[in-house]
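Results of the structural survey
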Amino acid sequence: MFIHLDLDCFFVSAHRTIDSSLINIPVAVGGRSNLNIFSTEKEIRKISSNSGAFVSSILTNEGQKSFKEYFVDENKRIRGIITTCSYEARSFGVKTAMSVNEALVLCPNLKMLPPNYPLYHELSEKLKKLLINEIPLVEQYSIDEFFGDITGYINEDEVLEFAKYLKDKIYEELKLPISIGIAKTKFLSKLITEYAKPDGIKYISEKDIPNFIADIPISKFPGIGKSFQERLKGYGIKTLGDIKNKRELFYSWKKPGIELYNRVCGIRDNKLIIDREKKSIGIGRTFDCIFERKELIRRVIILSRYLCFLVKKESVNPLTYSIKIKYEYSLKSKNYINVNRVFNESDFKESMKNLFISNDTHPTHGVIQLNITVSNFAKVNEYTYNLFEYENDLKKKELTNQMQKLRTKYGIDIIKNASEL
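Below, the structure is looked at part by part. This structure is a prediction, so every number in the text was calculated from the model and none was measured. Position numbers for residues count from 1 along each chain, tracking the sequence in the order it is written. Only residues with pLDDT of at least 70 are given local features in this predicted model, and only at 80 or more are side-chain atom pairs given and counted; all residues enter the totals for whole chains, interfaces and linings. Heavy atoms throughout the structure, all of them, feed into the side-chain values; hydrogens and water do not.

What follows covers a negative patch on the surface. A surface patch of like charges, here negative, comprises Glu156, Asp157, Glu158, Glu161 and Glu206. The way it works is that DSSP assigns letters per residue, a run of H or I at least four long becomes a helix, a run of E at least two long becomes a strand, and they are numbered from the N terminus. Take glutamate 158: it is sitting in the loop between β8 (145-149) and α6 (159-174). When a residue's accessible area, from a 1.4 Å probe over protein chains only, is under 20% of the maximum for its type it is buried; when over 50% it is exposed; and in between it is partly exposed. You can call glutamate 158 partly exposed: its relative accessible area is 36%. Patches in this entry comprise residues that are over 30% relatively accessible and not in a salt bridge; like charges within 9 Å are linked, as are nonpolar side chains (Val, Leu, Ile, Met, Phe, Trp, Tyr) within 5 Å. Only the protein chains shown count as cover for residues, with accessible areas throughout obtained via the Shrake-Rupley method and a probe of 1.4 Å. Any Lys or Arg side-chain nitrogen located within 4 Å of an Asp or Glu carboxyl oxygen qualifies as a salt bridge. Only four residue types enter the charge count, namely Lys and Arg as positive and Asp and Glu as negative; His and the chain termini do not. Lysine's charge is taken at NZ, arginine's at CZ, aspartate's at CG and glutamate's at CD.

The five strands are arranged β7-β8-β1-β9-β10 in an open sheet whose pairing can be described as mixed. Pairing within the sheet leaves two strands with one partner each, and these edge strands are β7 (137-142) and β10 (201-203). Averaged over all pairs of adjacent strands, the angle between their axes in this sheet comes to 15 degrees, without regard to strand direction. Here, any two strands with at least 2 DSSP bridges between them count as paired. The sheet contact formed by strand β9 (residues 178-183) and β10 spans three bridges and is parallel. Along β10, the bridge assignment pairs isoleucine 180 with isoleucine 201. In what follows, residue pairs with any heavy atoms lying within 4.5 Å of each other are defined as contacts. Interaxial angle, 0 to 180 degrees, is taken between N-to-C directions of lines fitted to C-alpha atoms, where a helix line uses only the stretch in contact. Docked against the sheet, helix α7 (residues 186-193) engages β1 (2-7), β7, β8, β9 and β10, running at close to 140 degrees with respect to β9.

To continue, consider the environment of isoleucine 3. Relative to the helices and strands, isoleucine 3 resides in strand β1. The class for isoleucine 3 is buried, based on a relative accessible area of 0%. Sequence-wise, isoleucine 3 and alanine 163 are 160 residues apart; in three dimensions their C-alpha atoms are separated by 8.1 Å. Beyond its immediate stretch of four places on either side in the chain, isoleucine 3 contacts Ile135, Phe146, Phe147, Gly148, Ile150, Ala163, Leu166, Ile180, Gly181, Ile182 and Ser189.

Okay, structure coming up:
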């Protein structure tokens, strides 16, 4: 038996825990690309203790800023998109990913809030600890979603009572509304949660699952993206019931098809992922078009410093460095390099700077987005270093470690390169 818990309008609900005046009115949290990491101004940033890559590992509290300070740019234009909105706002047609401008046209009285990421992560961590104390096995699926395996712990005839107990406890301790779906298998419980919203509980027994899924559109099932939906429609598959009736087709697609079929039909979908192993770590920013290459290189170096901090926090040694550059007019460039050395900040910054220069394939065009990523994490004794560079690399690594300690204690911006200023 599996239980899926999804916080309702989480970011908005989080703000309501500290400001009761936001209750029962149209509220939305909006986001903008966090460009203050490129600023020379001093900014307090926190590091998330959450192990998952949910929103960001480097957290800046924008929540103290006014609407004008956060959403209005230097040219008096309203910027940003809707990240989360309350059900009161949704009744006006406001929805996620809509521009803040459009949302305010639909709902002039909409209360727009800048994001407060430290608050979201703090509440998410508290909820995780609460659930771990109440459920034998818990998987954190995202910042506001959790799975729980209650097989052999809660009897089927007691599961609704248990869900209500959890729901009441979460609201009593955290003041957060939550919706709960319950089923015999993992991803069916997640599907069912959508029909428990808002702020409700729904349980579908194993014998009732075929009737329940029969007419549900394939777009409603988690993990079926738009391109795959189009592929399925080409086979006349429009509902989850259609999937159930096409077993041979899905099994002919090997692992991906078999896995999807089993999830939809509630077959052998009973494994929680308690610890997610990261395969890559990245950071990126979107900004107004920049033509000046010195400024772009400065931003690459700053992003590299932040990414270095995250890499050291995870205690990994990446051997592949990647960069993606997005230009105006939808032009793009991307590439990677493989290295064979001890990871350290000095060499990493130099590598990323050179990677940008060598892959700036449209030097006369402005750049609107930079993304850098590290991957291919080496395990101890799985690779060999260049012996001539090894000793020097160890010295650089130790310097990086000392800077890491200072940044952990005093902030990520406490030590910067002169080239960043």
